[in-house]
Amino acid sequence: TVNSNAADITDNCMMSVSDLGEIKNDIQVIHTLGLSHIIATDLNTMISVVGEINDNQEELEKKLDEYKKYVQNDDMDTYNSLVSNYNTMKYELGNIMAYSALGKNEEAYAIANGVVSDSSTAIQKDIEVLSTHANDTASEARERLTSVYVSNGIVIIISVILIIVAIYCVMKYVIKPIIATNKDIRDIIDGIDNGEGDLTKRVRVISNDEIADLGNGIN
């Protein structure tokens, strides 16, 4: 149970938050590159920016697809909204680059400050919602983990007490009777060996178990 909760925190919650941070950063980079295309002053720079945007979009789309494994049922609508807003932003960035390439910077700025800006803001909100839920899930997993630790602590304490009780019982009802019986037998044997044997001596019987049977047999 400890391992399950710890794995849930590290493999799901924390990785989810980390991936969302990367997605958020990639969105900002792509948005910035789209704006830089408008202010580019030569064709080579524009082509270079387009290549960078395409590379970043490809990488971002892989991350969005991989992130889906972390999405729970309650977050599916937010995730779909995130993907939809990104697709809108991607489409309008294409329009920005088209207008910019034609020298229509006014139209490009209008899209950048309008639809693209709105899409970017909506994406950030979707990411915040997903991040908040991931952190809440991590907090719940930590609470479950703490509960398990407390339960384990109680079990360990009870186990230690039971072991002490078991040792005490073994000492009292097994070891001590054996030692006492062995001493009495040894005294009788030593007396016989020394020619002073007293066959009227008896082994003390202090229990009603197998050791008592041994003492009674000798007696």
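Residues numbered from 1 in each chain as written. Predicted model: local features only at pLDDT ≥ 70, side-chain atom pairs only at ≥ 80, totals over all residues. Heavy atoms only, no water.

**Student:** It is not clear to me how the overall build of the protein should be interpreted in this structure. Could you clarify?
**Tutor:** Helix and strand counts for the protein stand at five helices and zero strands. Whereas a compact globule of 219 residues would reach a radius of gyration of roughly 17 Å, the protein reaches 40 Å, over 25% beyond that. Along the first, second and third principal axes, the C-alpha set of the protein runs to 125 × 35 × 20 Å. Expressed as a percentage of its 219 residues, the buried residues of the protein come to 31%. In the protein, the proportion of contacts linking residues at least 24 apart, taken out of those at least 6 apart, comes to 72%. Total accessible area computed for the protein in this model is approximately 13,600 Å², and 55% of it derives from carbon and sulfur atoms. The positive charge centre, built from 17 side chains, and the negative charge centre, built from 34, are 12 Å apart in the protein. (Helix = DSSP H or I, 4+ residues; strand = E, 2+ residues; numbered from the N terminus. Rg over C-alpha atoms; globule rule 2.2 N^0.38 Å. Buried < 20%, exposed > 50% of the residue type's maximum accessible area, 1.4 Å probe, protein only. Contact = heavy atoms within 4.5 Å. Areas by Shrake-Rupley, 256 points an atom, 1.4 Å probe, with all protein chains shown as cover. Lys, Arg positive; Asp, Glu negative; His and termini not counted. Charge placed at Lys NZ, Arg CZ, Asp CG, Glu CD.)

**Student:** What is the right way to look at the packing of helix H4 (residues 105-193) against helix H5 (residues 210-218) in this model?
**Tutor:** When two helices pack together, their arrangement is captured by the angle between the axes and the distance separating the axes. Interhelical geometry of H4 versus H5 gives an angle of 15 degrees and a closest axis separation of 10 Å. In terms of axis orientation, H4 runs roughly parallel to H5. For the element pair H4 and H5, the recorded crossing hand is left-handed. Between H4 and H5, the residues in contact are Tyr-173, Val-174, Pro-177, Ile-178, Thr-181 and Ile-185 and Ile-211, Leu-214 and Ile-218, respectively. Classifying every residue of the contact of H4 with H5 by side-chain character gives eight nonpolar, one polar and no charged. (Axes fitted to C-alpha atoms, helices over the stretch in contact; angles between N-to-C directions. Parallel < 35°, antiparallel > 145°, perpendicular 65-115°, else oblique. Left-handed = near helix turned anticlockwise from the far one by under 90°. Nonpolar A, V, L, I, M, F, W, Y, C, P; charged D, E, K, R; others polar.)

**Student:** Explanation requested: the packing of helix H3 (residues 76-101) against H4 in the structure shown.
**Tutor:** It is the contact of H3 with H4, at a shortest axis distance of 9 Å, that shows an interaxial angle of 160 degrees. One finds that H3 runs roughly antiparallel with respect to H4. H3 and H4 meet at a crossing whose hand is left-handed. A per-class count over the contact of H3 with H4 returns 17 nonpolar, nine polar and three charged.

**Student:** Which parts of the structure should I look at to understand H5?
**Tutor:** In an α-helix, one turn spans 3.6 residues; hence positions three or four apart end up facing the same way. Taken as a whole, H5 has its buried residues at Ile-211, Ala-212 and Gly-215. Summarising the axial view, the buried residues of H5 lie within an arc of 100 degrees, below the 170-degree limit, and thus occupy one face. Of the residues in H5, the exposed ones pointing more than 90 degrees away from the buried face are Glu-210, Asp-213 and Gly-217. Those residues of H5 that are buried lie in contact with H4. (Arc of directions from axis to C-beta.)

**Student:** Just checking my understanding: could you explain the environment of Tyr-91 for this structure?
**Tutor:** Note on placement: Tyr-91 falls in helix H3. Sequence separation between Tyr-91 and Val-116 is 25 residues, and the spatial gap between their C-alpha atoms is 9.0 Å.

**Student:** For this particular structure, what's the right way to read helix H2 (residues 43-67)?
**Tutor:** End to end, H2 covers 36 Å across 25 residues, agreeing with the expected 36 Å (1.5 Å per residue, within 8%). The set of residues buried in H2 consists of Met-46, Val-49, Ile-53, Gln-57, Leu-60, Lys-63, Leu-64 and Tyr-67. Measuring from the backbone nitrogen of Asn-44 back to the side-chain oxygen at the start of H2 gives 3.2 Å, which picks out Asp-42 as the cap. (Expected span 1.5 Å × (residues − 1). Polar contact = N/O pair within 3.5 Å; in protein donor to acceptor, adjacent residues only side chain to side chain.)

**Student:** Help me understand the pattern of salt bridges in this model?
**Tutor:** The tally for this structure, following the rule as stated, stands at five salt bridges. Across the pair Glu-22 and Lys-63 runs a salt bridge whose closest N-O atoms are separated by 3.4 Å. A residue pair is termed long-range when its members are at least 10 positions apart, and Glu-22 in helix H1 (residues 2-39) and Lys-63 in helix H2 qualify at 41 residues. Residue Lys-183 is joined to Asp-187 by a salt bridge in which the shortest nitrogen-to-oxygen separation is 3.3 Å. (Salt bridge = Lys/Arg side-chain N within 4 Å of Asp/Glu carboxyl O.)

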